[in-house]
Amino acid sequence: MTDLAMGVDMSNTPPNSRTKDYFASPALSLSLAGIFREHGGTAAAAEAANMEVEEGDEGSGGRKDDTVEISSENSGPARSRSDDEFDGEGEPDDDGDGDKSKKKKRKKYHRHTAEQIREMEALFKESPHPDEKQRQQLSKQLGLAPRQVKFWFQNRRTQIKAIQERHENSLLKTEMERLRDDNKALREQINKSCCPNCGTATVTRDANMTSEEQQLRIENAKLKAEVEKLRATIKKYPPGGSSPSCSAGNDQENRSSLDFYTGIFGLEKSRIMEIVNQAMDELVKMATAGEPLWVRSVETGREILNYDVYLKEFGVNDNNPSGGPRRTIEASREVGGVFVDLPKLVQSFLDVNQWKEMFPGMISKAATVDVICNGEGDDKNGVVQLMFAEMQMLTPMVPTREVYFVRFCKQLNAEQWAIVDVSIEKVEENIDASLVKCRKRPSGCIIEDKSNGHCKVTWVEHLECQKSTIHTMYRTFVNSGLAFGARHWIATLQLQCERLVFFMATNVPMKDSTGVATLAGRKSILKLAQRMTWSFCRAIAASSYNTWSKASGKTGEDIRISSRKNLNEPGEPHGVILCAVSSVWLPVSPHALFDFLRDETRRSEWDIISNGGSVESIANLAKGQDRGNAVTIQRVKSKENMWVLQDCCTNAFESMIVYAPVDIAGMQSVMSGCDSSTLVVLPSGFSILPDGVESRPQVITSRQEEKSTEGGSLLTVAFQVLANSSPTAKLTMESLDSVNTLISCTLKNIKTTLQCEDS
């Protein structure tokens, strides 16, 4: 566990009604409660002076389609509007009138003042459809006619509506193209699997290979490619010449290997520095600009990128090469507050291990490939690193995104730092051309130091990805930009920082730390729970750590199975470990599903291992403001020798319930404060995500109850079992049937209890 200070969600949004405010309890000491109360919510909203034209209708004209598709959550071009407004009260001219009649009826134009626009924008954010009383009051306040106010709001709604309609069209086009690609792929697969002459199925030699043999062939091909690259590098240096590694002097030691291997990476260091400085300028503008670059959606409250304005503002050449793969653009921005010291937060982005630990559910692999510039001083201001990351979702049904990028960290002023990530042409291609499926346009965050150790983080995520086949269940969620967008990064950062706040706190009341007598015991249990959750995240995703094969459940579920061998890892049982995962859609809100699965009093309703016995809580350790963020130790009464460690995590974006049976004697030792690193845990659990439907604009409305309507849930169920204690053993059908039964019965129990068997 890193010593990074912790942060919490500092937004002004009132607590969710389903959970009680953690700090309303008088039992919580004032010192810890003050951490969260003193910080006011922060929100960045730049004001743009836009002028409107009074018109009677809210229609919008068409425009030529773009060659780039924009995700529905994060981006969308806004239609430009006129800068003028009618001064008089007459109706607009009819098209059939003569020129003389038009001149008589035409009124003089005038521009609204900046103050008038500010006031109308403020009211529009609160109520896009003001009533007559509100319009009368605003017109008197601004010195405008009620009709002018009415038409300004009408035009503003038209502008938002036009953007959203274009998003809907873009989504439908994307869906149609994906269906066409799926159809084409299926046809090709059918043609390949049948004899062209007689039409009978054919069996190839590759089809008879085991998954292990296929994996070995893939690894062998990668190693051969690496050997060829090394040979090409060696040939660049004549015999007897000094090798780069033998260069003398401190300056030579500090130089990046990119200085020497320009033949491989294809770029000089000076060119890389020029690119990252341009990327930094773009990130700052993207983070601070308001309209027309960003337009806030009336329905979802998220900001939408005006892609036409972006191309014009930054002079980006967006022409897709002829014959190149189709691509999509995802762009999003989110602002949040965290309780953390600015230097420690910056350090967590520079240290690749800390960065990976901060986002365990999103980053499966990360590495610093090279240090291009070491920066200045102890804080490494100006450091530039070439990095690699594999980004994941907590399900094997969504492929990972592998990306090489350059990270540049710079101090903007005494209170602000900026971290920008940007992919550079030729760098990733020369390392591994097979990975060029996702590239980062200037993305990152601006961190602003606030009082009492709080920081305001403005996150911008801008990705360019090649189209890939995604399971229909997750297609809406991924295509909307929610899966890897700024909102996901901010929510995860806040959750992890909040967890660390409670880990380091010495004044958590016993009411929120029941069953554990000492502070050392509390910390030891929280460390064990964190290790268990990290192991779970790594085991169930589509990362290259795992090789998945398809299986069908007893009741028709789509189950993915993988296996691995543990030879010397002390925190897991030694032998062959079998992991089975299945993802389903349920017509239940994510909050309701999370509350059901984490409740120990209802565990017997879905957990077949408990065999219907009641479950009681031995210890309950809070690790966040939401009562759902807690670590519990449970005793299954039907089996006196069985204790279960459970870690629950939830935020505005996703939720997890991770649990594992533990040795009673070992757990008692951990509760007394002993080291937990050797206690064996093999976690199973659930991952819960919203289905993404709410991200699609439905209607324009100001009614709060319609805005907060939740969709269904994407539930991922995962079980890990020790198939054999011998690492050299092979999987048996009994093991596969056992884990298959676990998945099928658990899903059946959940659906029956929640009355959604037909889902």
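Structure shown above.
Residues numbered from 1 in each chain as written. Predicted model: local features only at pLDDT ≥ 70, side-chain atom pairs only at ≥ 80, totals over all residues. Heavy atoms only, no water.

Draft legend 1. Spotlight on the overall build of the protein chain. Scanning the protein chain from N- to C-terminus turns up 20 helices and 23 strands. Looking at the protein chain residue by residue over its 759 residues, the buried ones come to 48%. Put simply, 71% of the contacts in the protein chain that link residues at least 6 apart link residues at least 24 apart. Carbon and sulfur atoms make up 50% of the accessible area of the protein chain, which totals about 36000 Å². (Helix = DSSP H or I, 4+ residues; strand = E, 2+ residues; numbered from the N terminus. Buried < 20%, exposed > 50% of the residue type's maximum accessible area, 1.4 Å probe, protein only. Contact = heavy atoms within 4.5 Å. Areas by Shrake-Rupley, 256 points an atom, 1.4 Å probe, with all protein chains shown as cover.)

Draft legend 2. Geometry of the packing of helix α15 (residues 486-504) against helix α16 (residues 519-540). Running from N to C, α15 and α16 point in directions that differ by 155°, and their axes come no closer than 10 Å. For the element pair α15 / α16, the angle class is roughly antiparallel. Counting all contacts with α15, which are made through Q496, R499, F502 and F503, the residues of α16 involved are R522, K523, L526, K527, A529 and Q530. Among the residues making up the contact of α15 with α16, the classes are represented as four nonpolar, two polar and four charged. (Axes fitted to C-alpha atoms, helices over the stretch in contact; angles between N-to-C directions. Parallel < 35°, antiparallel > 145°, perpendicular 65-115°, else oblique. Nonpolar A, V, L, I, M, F, W, Y, C, P; charged D, E, K, R; others polar.)

Draft legend 3. Geometry of helix α17 (residues 590-598). Residues P590, L593, F594, F596 and L597 constitute the buried set of α17. The arc that holds the buried residues of α17, viewed along the axis, is 165°, so those residues lie on one side. Looking at the buried positions of α17, the neighbouring elements they touch are β17 (575-586), β20 (643-650), β21 (655-662), β22 (684-690), β23 (713-724) and α20 (733-753). (Arc of directions from axis to C-beta.)

Draft legend 4. Spotlight on the sheet that holds strand β18 (residues 615-622). In spatial order, the strands read β14-β18-β19-β20-β21-β22-β23-β17-β16-β15; together these 10 strands make up an open sheet with antiparallel pairing. The open sheet has two edge strands, β14 (513-514) and β15 (549-552), and neither has a second partner. One ladder, built from six bridges, connects β22 with β23; its direction is antiparallel. Residue pairing across strands places G685 opposite A718, the latter belonging to β23. Each of β14, β16 (558-566), β17, β18, β19 (630-636), β20, β21, β22 and β23 touches α16; the most contacted strand, β20, lies at about 75° to it. Helix-sheet contacts for α17 involve β17, β20, β21, β22 and β23, and the interaxial angle to β22 is about 165°. (Pairing = 2+ DSSP bridges.)

Draft legend 5. Representation of empty space enclosed by the protein in the model. Under the counting rule described, the total for this entry stands at eight cavities of 30 Å³ or more. The space that makes up the largest cavity amounts to roughly 130 Å³. Together, 13 residues line the largest cavity, and L495, Q496, C649, E654 and M656 are the ones closest to its centre. The set of elements that each furnish at least two residues to the lining of the largest cavity consists of α15, β20 and β21. Top element by residues in the lining of the largest cavity is α15. It accounts for four residues. (1 Å grid on protein atoms, 1.4 Å probe; cavity = no way out; pocket = protein on both sides within 12 Å on 5 of 7 lines; lining within 4 Å. Points joined across faces, edges and corners; volume = space filled by probe spheres on them.)

Draft legend 6. The arrangement of the nonpolar core in detail. In terms of nonpolar packing, the biggest core is built from 49 residues, with W355, F359, M393, I447, W459 and Y474 touching the most fellow members. Sort the elements by how many residues they give to this core and α15 lands first, with six residues. Setting aside residues up to four positions removed in sequence, F359 forms contacts with W459, W489, T492 and L493. (Core = buried A, V, L, I, M, F, W, Y, C linked by side-chain atoms within 4.5 Å.)

Draft legend 7. Up close: the packing of helix α9 (residues 269-288) against helix α10 (residues 307-314). Where α9 contacts α10, the axes come no closer than 12 Å and their chain directions differ by 140°. In terms of orientation, α9 lies oblique with respect to α10. With respect to the hand of their crossing, α9 and α10 are arranged in right-handed fashion. Facing E282, K285 and M286 of α9, the residues of α10 in contact are Y310, E313 and F314. Among the residues making up the contact of α9 with α10, the classes are represented as three nonpolar, no polar and three charged. (Left-handed = near helix turned anticlockwise from the far one by under 90°.)

Draft legend 8. Main features of unusual backbone geometry. The linkage connecting E291 with the following residue, P292, adopts the cis geometry, with an omega of 10°. Relative to the helices and strands, P292 resides in the loop between α9 and β4 (294-296). Positive phi, close to 60°, is recorded for K380, a residue that is not glycine. Tracing the backbone through its elements, the reader meets K380 in the loop between β7 (363-373) and β8 (384-391). Take K380: its relative accessible area is 40%, and that puts it in the partly exposed class.

Draft legend 9. Representation of the pairing of β18. Pairing analysis gives two bridges linking β14 to β18, with the strands arranged antiparallel. Across the sheet, the residue bridging to S513 is L621, located in β18. Taken together, the seven bridges between β18 and β19 define a ladder with antiparallel strand orientation. Note on β19: the bridge partner recorded for A619 is I633.

Draft legend 10. Inspection of the pattern of salt bridges at higher detail. For the coordinates displayed, the defined rule picks out 25 salt bridges. R407 serves as the salt-bridge partner of D421, at 2.8 Å between the closest nitrogen and oxygen. In this pair, D421 is assigned in strand β10 (residues 416-422) and R407 in strand β9 (residues 401-413), connecting sequence segments 14 residues apart. In this structure, D421 and R407 share a single accessibility class: buried. Between R499 and D647 there is a salt bridge; the shortest N-O distance is 2.9 Å. Within this pair, whereas R499 is found in helix α15, its partner D647 is found in strand β20, the two being separated by 148 residues in sequence. Per residue, the accessibility class of R499 equals that of D647, and both read buried. (Salt bridge = Lys/Arg side-chain N within 4 Å of Asp/Glu carboxyl O.)

Draft legend 11. Just the packing of aromatic side chains, in detail. The tally for this structure, following the rule as stated, stands at 15 aromatic pairs. Measuring from centroid to centroid gives 5.8 Å for F477 and F653, while their planes differ by 50°, and the two rings are tilted. Of the two residues, F477 is situated in helix α14 (residues 472-479) and F653 in the loop between β20 and β21; the sequence distance between them amounts to 176 residues. Judged by its relative accessible area of 1%, F477 falls in the buried class. Ring geometry for W606 against F686: centres 5.0 Å apart, planes inclined by 85°, an arrangement best described as edge-to-face. Here the residue W606 occupies a position in the loop between α17 and β18, and F686 occupies one in strand β22, the gap between them amounting to 80 residues. Assessed through its relative accessible area of 0%, F686 is described here as buried. One aromatic cluster in this structure is built from F349, F359, W459 and W489. Above the face of the Y545 ring, R538 is positioned so that its terminal group lies 3.7 Å from the ring centre. When the ring centre of Y659 is taken as reference, the NZ or CZ atom of R603 above it lies at 4.4 Å. (Phe/Tyr/Trp six-rings, centres within 6.5 Å; stacked < 30°, edge-to-face > 60°. Lys NZ or Arg CZ within 6 Å of the ring centre and 35° of its normal.)

Draft legend 12. Local environment of the side chain of T632. If you trace the backbone, T632 turns up in strand β19. The exposure class assigned to T632 is buried, which follows from its relative accessible area of 8%. Of the polar contacts made by the side chain of T632, one reaches the side chain of Q634; its length is 3.3 Å. Residues within four places of T632 in sequence aside, it is in contact with A619, N620, V644, L645 and Q646. (Polar contact = N/O pair within 3.5 Å; in protein donor to acceptor, adjacent residues only side chain to side chain.)

Draft legend 13. Here's a closer look at the pairing of strand β6 (residues 327-339). Burial analysis of β6 places 11 of its 13 residues in the buried class, the great majority of the element. In this sheet, strand β13 (residues 454-466) lies alongside β6 in antiparallel orientation, the contact comprising 13 bridges. Bridge assignment links I329 to a residue of β13, and that residue is E464.

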